[in-house]
Amino acid sequence: MNQEQLKKAVGRAAIDYLVDGEIVGVGTGSTANCFIDQLASVKHRISGAVASSEATRQRLASHGIAVYGLDEVDRLPVYVDGADEINSAMQMIKGGGGALTREKIVAAVAAKFVCIADGSKLVPVLGRFPLPVEVIPMALGHVTRELAALGGRPARREGFVTDNGNLIVDVSGLEIVDPSGLETRINQIVGVVTNGLFARRPADVCLLATAGGVRTLTAR
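Computed from a prediction, not measured in an experiment: that's the story for all the values here.

> Describe the packing of aromatic side chains, listing the residues and the values that go with them.
This model, assessed by the stated rule, comprises two aromatic pairs. Here the aromatic rings of Tyr79 and Phe113 are separated by 5.0 Å at their centres, their planes lie at 45 degrees, and the arrangement is tilted. Residue Tyr79 is located in strand E4 (residues 78–81), and its partner Phe113 is located in strand E7 (residues 112–118); the two are separated by 34 residues in the primary sequence. Residue Tyr79 shares its accessibility class with Phe113, and that shared class is buried. Taking 6.5 Å as the distance between ring centres and 70 degrees as the angle between the ring planes, the aromatic pair formed by Phe113 and Phe198 counts as edge-to-face. Linking Phe113 in strand E7 with Phe198 in strand E12 (residues 197–198), this pair joins segments that are 85 residues apart in sequence. You can call Phe113 buried: its relative accessible area is 0%. Taking the relative accessible area as the measure of exposure, Phe198 reaches 2% and is therefore buried. Taken together, Tyr79, Phe113 and Phe198 form an aromatic cluster joined through their ring pairs. In this structure, Lys94 is placed above the aromatic ring of Phe198, and the distance from its NZ or CZ to the ring centre is 5.5 Å. Geometry around Phe198 places Lys104 over its ring, the cationic atom sitting 5.1 Å from the centre.

As structure tokens, this is what we get:
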């Protein structure tokens, strides 16, 4: 299977995690889009969705799926989203699409986080994929210097503004051996909204698409 077929396979597999009659949280990106397209065929099973980005909201609405704000729901049993990288502890780097802050908020509320990814995203150590950091515009210079001091190579994502009106700095050259510690340290830099390490709130399960089929992984 090619990568697009792998994404569709995990999108279909994630349907099994829906809770009938409830609202589902939906992530952002190409793999999440495959889940949304599958969700359209079973939308009668759910009462609606919470979107992690404007792009996701629009795609859900185009399929006739009711979209709610997070403050409009009492509970969120399941959140389904992709990852740019994931390790065996179910810790991830996310934010390649720039929606990391809203993704992190929805993940924090959800009772279960189901990560859907193709096999290339599973890595022994996080950091090969540049770590996105959402930054308040006036703090760009300060945050960039602080990130460089951590040993990374920060670069502003040119021509991109988040749904929150902020900037993204992508940090390459990191070997992240303590994801939870680095997540906390970066979030303490004044001017950082949040960063793309999902370590303090990892996935509960990962549906990993491989040539041999979809594997179900949990933290080791």
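What follows continues from the structure just given.
> How would you explain the layout of surface pockets if you had to name every residue and give the values?
Space inside the largest pocket adds up to approximately 190 Å³. Considering the residues around the largest pocket, the lining is formed by 15 residues, among which Thr28, Gly29, Ser30, Ala83 and Asp84 are closest to the centre. Among the elements that line the lining of the largest pocket, the one with the most residues is helix H2 (residues 30–39), at three residues. Partitioned by chemical class, the residues of the lining of the largest pocket number two nonpolar, eight polar and five charged. Estimates place the volume of the second largest pocket at around 150 Å³. Every element with two or more residues in the lining of the second largest pocket is listed here: strand E2 (48–51), helix H3 (54–62), strand E3 (67–68) and helix H4 (100–109). The element best represented in the lining of the second largest pocket is H4, accounting for three residues.

> Describe the packing of H2 against H3, listing the residues and the values that go with them.
For the pair H2 and H3, the least separation of the axes is 9 Å and the interaxial angle reads 20 degrees. Judged by the angle between their axes, H2 and H3 are roughly parallel. Where H2 crosses over H3, the two elements pack in a sense that is right-handed. Where H2 abuts H3, its residues Asn33, Ile36, Asp37 and Leu39 lie against Thr56, Arg59 and Leu60. A breakdown of the residues in the contact of H2 with H3 according to their chemical character gives three nonpolar, two polar and two charged.

> Give me the lowdown on the pairing of strand E14 (residues 213–217), citing residues and values where you can.
Note that strand E13 (residues 205–210) and E14 share five bridges and pair antiparallel. The residue of E14 that forms the bridge with Leu208 is Arg215. Between E13 and E14, which pair antiparallel in sequence order, lie two residues.

> Which residues make up helix H6 (residues 179–187), and what are the values?
Buried within H6 are the following residues: Pro179, Leu182, Glu183 and Ile186. Around the axis of H6, the buried residues are gathered within 105 degrees of arc, so they sit on the same side. Looking at the buried positions of H6, the neighbouring elements they touch are H4, strand E8 (131–135), helix H5 (140–149), strand E11 (192–195) and E12.

Reading the values: rules and limits
- Residues numbered from 1 in each chain as written.
- Predicted model: local features only at pLDDT ≥ 70, side-chain atom pairs only at ≥ 80, totals over all residues.
- Heavy atoms only, no water.
- Phe/Tyr/Trp six-rings, centres within 6.5 Å; stacked < 30°, edge-to-face > 60°.
- Helix = DSSP H or I, 4+ residues; strand = E, 2+ residues; numbered from the N terminus.
- Buried < 20%, exposed > 50% of the residue type's maximum accessible area, 1.4 Å probe, protein only.
- Lys NZ or Arg CZ within 6 Å of the ring centre and 35° of its normal.
- 1 Å grid on protein atoms, 1.4 Å probe; cavity = no way out; pocket = protein on both sides within 12 Å on 5 of 7 lines; lining within 4 Å.
- Points joined across faces, edges and corners; volume = space filled by probe spheres on them.
- Nonpolar A, V, L, I, M, F, W, Y, C, P; charged D, E, K, R; others polar.
- Axes fitted to C-alpha atoms, helices over the stretch in contact; angles between N-to-C directions.
- Parallel < 35°, antiparallel > 145°, perpendicular 65-115°, else oblique.
- Left-handed = near helix turned anticlockwise from the far one by under 90°.
- Contact = heavy atoms within 4.5 Å.
- Pairing = 2+ DSSP bridges.
- Arc of directions from axis to C-beta.

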